[in-house]
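Letter by letter, the chains look like this.
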Amino acid sequence: MRTNAREAILAAARRTAQARGYGGLNFRDLAEEVGIKAASIHYYFPAKADLGAAVARRYWEDTAAHLDTLSAGDASPLDCLRAYPAVFRKAMENGNRMCLCSFMAAESDDLPDAVKAEVLTFADVNVAWLAKLLSAAQGLSSEDSEMRARAIFAAIAGAQLMARSRSDVALYDALIESYRSTGLLPG
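Basis of the calculations
- Residues numbered from 1 in each chain as written.
- Predicted model: local features only at pLDDT ≥ 70, side-chain atom pairs only at ≥ 80, totals over all residues.
- Heavy atoms only, no water.
- pLDDT = per-residue confidence, 0-100.
- Helix = DSSP H or I, 4+ residues; strand = E, 2+ residues; numbered from the N terminus.
- Buried < 20%, exposed > 50% of the residue type's maximum accessible area, 1.4 Å probe, protein only.
- Arc of directions from axis to C-beta.
- Polar contact = N/O pair within 3.5 Å; in protein donor to acceptor, adjacent residues only side chain to side chain.
- Expected span 1.5 Å × (residues − 1).
- Contact = heavy atoms within 4.5 Å.
- Salt bridge = Lys/Arg side-chain N within 4 Å of Asp/Glu carboxyl O.
- Core = buried A, V, L, I, M, F, W, Y, C linked by side-chain atoms within 4.5 Å.

In this model, the protein carries a mean pLDDT of 94, and residues with pLDDT of at least 70 account for 98%. Confidence, read as mean pLDDT per element, is least for helix H6 (residues 100-106) in the protein (89) and greatest for helix H9 (residues 169-182) (97).

Structure below.
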(Lines give C-alpha, C1' and ligand atoms only; values in the text may rest on other atoms or scores of the structure.)
Protein backbone atom coordinates (compact mmCIF):
# COMPACT_ATOMS: atom_id res chain seq x y z
CA MET A 1 0.00 0.00 0.00
CA ARG A 2 2.79 2.45 0.86
CA THR A 3 4.47 2.00 -2.50
CA ASN A 4 1.14 2.49 -4.27
CA ALA A 5 0.45 5.72 -2.37
CA ARG A 6 3.94 7.03 -3.10
CA GLU A 7 3.56 6.21 -6.79
CA ALA A 8 0.10 7.80 -6.90
CA ILE A 9 1.50 10.96 -5.30
CA LEU A 10 4.36 11.07 -7.82
CA ALA A 11 1.96 10.57 -10.74
CA ALA A 12 -0.38 13.30 -9.52
CA ALA A 13 2.55 15.64 -8.87
CA ARG A 14 3.90 14.99 -12.36
CA ARG A 15 0.58 15.93 -13.97
CA THR A 16 0.33 19.03 -11.82
CA ALA A 17 3.91 20.16 -12.46
CA GLN A 18 3.46 19.66 -16.22
CA ALA A 19 0.42 21.95 -16.08
CA ARG A 20 1.43 24.48 -13.42
CA GLY A 21 5.13 23.98 -12.68
CA TYR A 22 6.86 23.60 -9.35
CA GLY A 23 4.95 26.57 -7.97
CA GLY A 24 1.70 24.74 -8.67
CA LEU A 25 2.57 21.78 -6.45
CA ASN A 26 0.31 21.90 -3.42
CA PHE A 27 0.12 19.06 -0.90
CA ARG A 28 -3.56 19.66 -0.14
CA ASP A 29 -4.58 19.52 -3.82
CA LEU A 30 -2.40 16.47 -4.47
CA ALA A 31 -3.84 14.69 -1.43
CA GLU A 32 -7.36 15.36 -2.67
CA GLU A 33 -6.51 14.02 -6.13
CA VAL A 34 -4.88 10.89 -4.70
CA GLY A 35 -7.55 10.39 -2.05
CA ILE A 36 -5.38 10.64 1.05
CA LYS A 37 -4.82 13.20 3.80
CA ALA A 38 -2.35 16.00 3.09
CA ALA A 39 -0.33 14.99 6.15
CA SER A 40 0.17 11.57 4.57
CA ILE A 41 2.17 13.12 1.74
CA HIS A 42 4.68 14.36 4.33
CA TYR A 43 5.35 10.73 5.28
CA TYR A 44 6.80 10.12 1.81
CA PHE A 45 8.01 13.65 1.05
CA PRO A 46 8.77 15.71 4.18
CA ALA A 47 8.94 18.98 2.23
CA LYS A 48 7.80 20.33 -1.11
CA ALA A 49 11.44 20.36 -2.25
CA ASP A 50 11.67 16.60 -1.61
CA LEU A 51 8.56 16.01 -3.70
CA GLY A 52 9.74 18.32 -6.47
CA ALA A 53 13.15 16.65 -6.64
CA ALA A 54 11.60 13.17 -6.68
CA VAL A 55 9.17 14.11 -9.45
CA ALA A 56 11.88 15.72 -11.58
CA ARG A 57 14.23 12.75 -11.00
CA ARG A 58 11.55 10.25 -11.99
CA TYR A 59 10.75 12.36 -15.05
CA TRP A 60 14.30 12.42 -16.36
CA GLU A 61 14.80 8.73 -15.51
CA ASP A 62 11.65 7.82 -17.45
CA THR A 63 12.72 10.01 -20.36
CA ALA A 64 16.23 8.52 -20.38
CA ALA A 65 14.77 5.02 -20.42
CA HIS A 66 12.46 5.95 -23.29
CA LEU A 67 15.33 7.47 -25.28
CA ASP A 68 17.50 4.41 -24.63
CA THR A 69 14.70 2.14 -25.82
CA LEU A 70 14.23 4.29 -28.91
CA SER A 71 17.90 4.15 -29.86
CA ALA A 72 18.33 0.47 -28.92
CA GLY A 73 15.75 -0.65 -31.46
CA ASP A 74 16.17 -1.28 -35.16
CA ALA A 75 15.84 2.39 -36.09
CA SER A 76 18.89 4.18 -37.46
CA PRO A 77 20.36 7.10 -35.53
CA LEU A 78 18.82 9.41 -38.14
CA ASP A 79 15.38 7.87 -37.64
CA CYS A 80 15.76 8.25 -33.87
CA LEU A 81 16.59 11.93 -34.33
CA ARG A 82 13.51 12.33 -36.51
CA ALA A 83 11.36 10.72 -33.82
CA TYR A 84 12.74 12.84 -30.97
CA PRO A 85 10.21 15.72 -31.18
CA ALA A 86 7.38 13.24 -30.60
CA VAL A 87 8.71 12.67 -27.08
CA PHE A 88 7.81 16.27 -26.23
CA ARG A 89 4.62 16.31 -28.28
CA LYS A 90 3.07 13.64 -26.03
CA ALA A 91 2.81 16.03 -23.09
CA MET A 92 0.91 18.54 -25.21
CA GLU A 93 -1.52 15.87 -26.33
CA ASN A 94 -2.27 15.22 -22.66
CA GLY A 95 -4.24 18.28 -21.57
CA ASN A 96 -1.92 20.88 -23.16
CA ARG A 97 0.78 20.03 -20.64
CA MET A 98 4.43 20.57 -21.36
CA CYS A 99 7.70 18.96 -20.48
CA LEU A 100 7.91 19.00 -16.69
CA CYS A 101 11.58 19.94 -16.63
CA SER A 102 11.17 22.68 -19.24
CA PHE A 103 8.39 24.16 -17.12
CA MET A 104 10.49 23.92 -13.98
CA ALA A 105 13.56 25.34 -15.75
CA ALA A 106 11.55 28.51 -16.37
CA GLU A 107 11.12 28.71 -12.58
CA SER A 108 14.85 28.17 -11.98
CA ASP A 109 15.35 31.22 -9.76
CA ASP A 110 12.71 29.94 -7.35
CA LEU A 111 13.65 26.26 -7.28
CA PRO A 112 15.35 24.60 -4.32
CA ASP A 113 18.84 23.38 -5.19
CA ALA A 114 17.82 19.69 -5.13
CA VAL A 115 15.03 20.31 -7.66
CA LYS A 116 17.25 22.49 -9.83
CA ALA A 117 19.89 19.73 -9.96
CA GLU A 118 17.33 17.21 -11.24
CA VAL A 119 16.02 19.68 -13.85
CA LEU A 120 19.58 20.28 -15.09
CA THR A 121 20.14 16.53 -15.28
CA PHE A 122 17.09 16.23 -17.55
CA ALA A 123 18.64 18.73 -19.97
CA ASP A 124 22.03 17.00 -19.77
CA VAL A 125 20.50 13.58 -20.48
CA ASN A 126 18.67 14.90 -23.54
CA VAL A 127 21.65 16.82 -24.90
CA ALA A 128 23.97 13.82 -24.42
CA TRP A 129 21.52 11.50 -26.20
CA LEU A 130 21.07 13.90 -29.08
CA ALA A 131 24.82 14.52 -29.37
CA LYS A 132 25.57 10.78 -29.47
CA LEU A 133 23.04 10.24 -32.25
CA LEU A 134 24.12 13.34 -34.19
CA SER A 135 27.69 12.09 -34.11
CA ALA A 136 26.63 8.64 -35.31
CA ALA A 137 24.21 9.90 -37.98
CA GLN A 138 26.16 12.83 -39.35
CA GLY A 139 29.75 12.21 -38.31
CA LEU A 140 29.97 15.45 -36.34
CA SER A 141 32.81 15.99 -33.88
CA SER A 142 31.88 15.70 -30.23
CA GLU A 143 32.05 19.50 -29.84
CA ASP A 144 29.90 20.16 -32.91
CA SER A 145 27.41 17.45 -32.03
CA GLU A 146 26.99 18.84 -28.50
CA MET A 147 26.47 22.41 -29.77
CA ARG A 148 23.88 21.22 -32.28
CA ALA A 149 22.22 18.99 -29.67
CA ARG A 150 21.82 22.00 -27.37
CA ALA A 151 20.27 23.99 -30.22
CA ILE A 152 17.83 21.18 -31.01
CA PHE A 153 16.87 20.73 -27.36
CA ALA A 154 16.32 24.48 -26.91
CA ALA A 155 14.35 24.77 -30.15
CA ILE A 156 12.02 21.91 -29.25
CA ALA A 157 11.44 23.31 -25.75
CA GLY A 158 10.70 26.70 -27.32
CA ALA A 159 8.28 25.17 -29.81
CA GLN A 160 6.46 23.46 -26.97
CA LEU A 161 6.25 26.71 -25.01
CA MET A 162 4.86 28.66 -27.96
CA ALA A 163 2.32 25.97 -28.81
CA ARG A 164 1.21 25.59 -25.20
CA SER A 165 0.61 29.31 -24.83
CA ARG A 166 -1.83 29.04 -27.73
CA SER A 167 -3.21 25.59 -26.85
CA ASP A 168 -2.27 24.55 -30.38
CA VAL A 169 -0.49 21.26 -31.02
CA ALA A 170 -0.61 22.05 -34.75
CA LEU A 171 1.64 25.04 -34.07
CA TYR A 172 4.14 22.69 -32.40
CA ASP A 173 4.06 20.47 -35.48
CA ALA A 174 4.53 23.47 -37.79
CA LEU A 175 7.50 24.72 -35.80
CA ILE A 176 9.11 21.28 -35.80
CA GLU A 177 8.59 21.10 -39.57
CA SER A 178 10.23 24.52 -39.94
CA TYR A 179 13.23 23.22 -37.99
CA ARG A 180 13.44 20.34 -40.43
CA SER A 181 13.16 22.59 -43.49
CA THR A 182 15.91 24.89 -42.23
CA GLY A 183 18.20 21.94 -41.42
CA LEU A 184 18.24 22.21 -37.64
CA LEU A 185 16.45 18.86 -37.35
CA PRO A 186 17.04 15.98 -39.75
CA GLY A 187 14.28 15.86 -42.38
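Within helix H2 (residues 27-34), burial applies to Phe27, Leu30 and Ala31. Angular distribution of buried residues about the axis of H2 spans 100°; they occupy a single face of the element. Along H2, exposed side chains directed more than 90 degrees from the buried face belong to Arg28 and Glu32. At the N-terminal end of H2, a side-chain oxygen is found 2.8 Å from the backbone nitrogen of arginine 28, two or three residues along, and the residue is asparagine 26. At the exit of H2 stands glycine 35, carrying a positive phi of roughly 90°.

Take H9 next. For H9, spanning 14 residues, the distance from its first C-alpha to its last is 20 Å, which sits close to the expected 20 Å at 1.5 Å a residue. Within the sequence span of H9, burial applies to Leu171, Tyr172, Leu175, Ile176, Tyr179 and Arg180. Tucked inside the fold, the buried residues of H9 contact helix H5 (77-93) and helix H8 (142-165). One side-chain oxygen at the N-terminal end of H9 lies 3.0 Å from the backbone nitrogen of alanine 170; it belongs to aspartate 168.

This next bit is on the pattern of salt bridges. All told, the structure shown has 9 salt bridges when counted by the stated rule. In this structure, aspartate 62 and arginine 14 form a salt bridge, with 3.2 Å as the shortest nitrogen-oxygen distance. Of the two residues, aspartate 62 sits in helix H4 (residues 48-72) while arginine 14 sits in helix H1 (residues 2-20), which places them 48 residues apart along the sequence. Of the residues examined, aspartate 62 reaches a relative accessible area of 35% and is grouped as partly exposed. The salt bridge involving glutamate 177 is made with arginine 180; its shortest N-O contact spans 3.9 Å. Residue glutamate 177 and its partner arginine 180 are located together in helix H9, separated by 3 residues, close to a single helical turn. By relative accessible area, glutamate 177 is classed as partly exposed at 47%. A cluster of three or more residues bridged by salt bridges with shared partners is formed by Arg89, Glu93 and Asp173.

This part is about the nonpolar core. Counting residues in hydrophobic clusters, the biggest one holds 56 residues, and the most contacted among them are Leu51, Tyr84, Phe88 and Met104. For tyrosine 84, the residues in contact, after removing those within four places along its chain, are Leu67, Asn126, Trp129, Leu130, Ile152, Phe153 and Ile156.

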